[in-house]
Amino acid sequence: QNEKEFVYVDEFQRSLLTCIQEYEKQGGYVNWNSTSLMDLVQSVRIKEQEERTRSLKDKDSITGDPRSLHHAPCSKYFDNETKVLIENGPESAN
């Protein structure tokens, strides 16, 4: 069975690794001891660990960034006039 694998730009390293693993499952030879492949595997593992760690944080986490974890960008909540007022203080309303 000849499955086609795709490498996606937005998930390049992860999808490339999946493609290589599928190639090997189909009988292709993969030299997992090559420096490039060892670097690829390590990079994917690090990224996956970072994603797992980030997903465990919530808005009340002392190690998370509350600006990005608990709400959308300020532009979602405030119009430009309110944004200027907040950034420049009440004196800017005059």
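Bear in mind the structure is a predicted one, so any value in this text is a computation, not a measurement.

Draft legend 1. How the structure looks around the overall build of the protein. Along the protein, the regular secondary structure elements total five helices and zero strands. Taken from N to C terminus, the helices and strands of the protein fall in the order α-α-α-α-α. Residues counted as buried form 12% of the 94 residues belonging to the protein. For the protein, contacts bridging at least 24 residues in sequence account for 25% of all contacts bridging at least 6.

Draft legend 2. Structural view of the side chain of serine 15. Relative to the assigned elements, serine 15 resides in helix α1 (residues 12–25). In this structure serine 15 comes out as buried when scored by relative accessible area, which is 9%. Of the polar contacts made by the side chain of serine 15, one reaches the backbone oxygen of phenylalanine 12; its length is 3.3 Å. The residues touching serine 15, leaving out its near neighbours within four places in the chain, are Phe6, Val7 and Tyr8.

Draft legend 3. View of the nonpolar core. Core analysis: the largest hydrophobic core is formed by seven residues, namely Leu17, Ile20, Val30, Leu37, Leu40, Val41 and Val44. For this core, the secondary-structure elements that each account for two or more residues are α1 and α2 (35–56). Of all the elements, α2 adds the most residues to this core, at four residues. Those residues in contact with valine 44, other than ones at most four positions away along the chain, are Gln13, Arg14 and Leu17.

Draft legend 4. Layout of α1. With 14 residues, α1 should reach 20 Å at 1.5 Å per residue; the first-to-last C-alpha distance of 20 Å fits that figure. Immediately beyond the C-terminal end of α1, within one or two residues, lies glycine 27, with a positive phi of roughly 105°.

Draft legend 5. View of a nonpolar patch on the surface. On the surface, Tyr77, Phe78 and Ile86 cluster together into a nonpolar patch covering about 320 Å² of accessible area. Locating isoleucine 86 in the fold gives a position in helix α5 (residues 80–88).

Draft legend 6. Region of interest: the confidence of the model for the protein. Of the residues in the protein, 72% have a pLDDT of 70 or more, and the chain-wide mean is 79. The element-level mean pLDDT for the protein is lowest in helix α3 (residues 66–69), coming to 56, with α1 highest at 92.

How each quantity is defined
Residues numbered from 1 in each chain as written. Predicted model: local features only at pLDDT ≥ 70, side-chain atom pairs only at ≥ 80, totals over all residues. Heavy atoms only, no water. Helix = DSSP H or I, 4+ residues; strand = E, 2+ residues; numbered from the N terminus. Buried < 20%, exposed > 50% of the residue type's maximum accessible area, 1.4 Å probe, protein only. Contact = heavy atoms within 4.5 Å. Polar contact = N/O pair within 3.5 Å; in protein donor to acceptor, adjacent residues only side chain to side chain. Core = buried A, V, L, I, M, F, W, Y, C linked by side-chain atoms within 4.5 Å. Expected span 1.5 Å × (residues − 1). Patch = residues over 30% accessible without salt bridge, like charges linked within 9 Å, V, L, I, M, F, W, Y side chains within 5 Å. Areas by Shrake-Rupley, 256 points an atom, 1.4 Å probe, with all protein chains shown as cover. Salt bridge = Lys/Arg side-chain N within 4 Å of Asp/Glu carboxyl O. pLDDT = per-residue confidence, 0-100.

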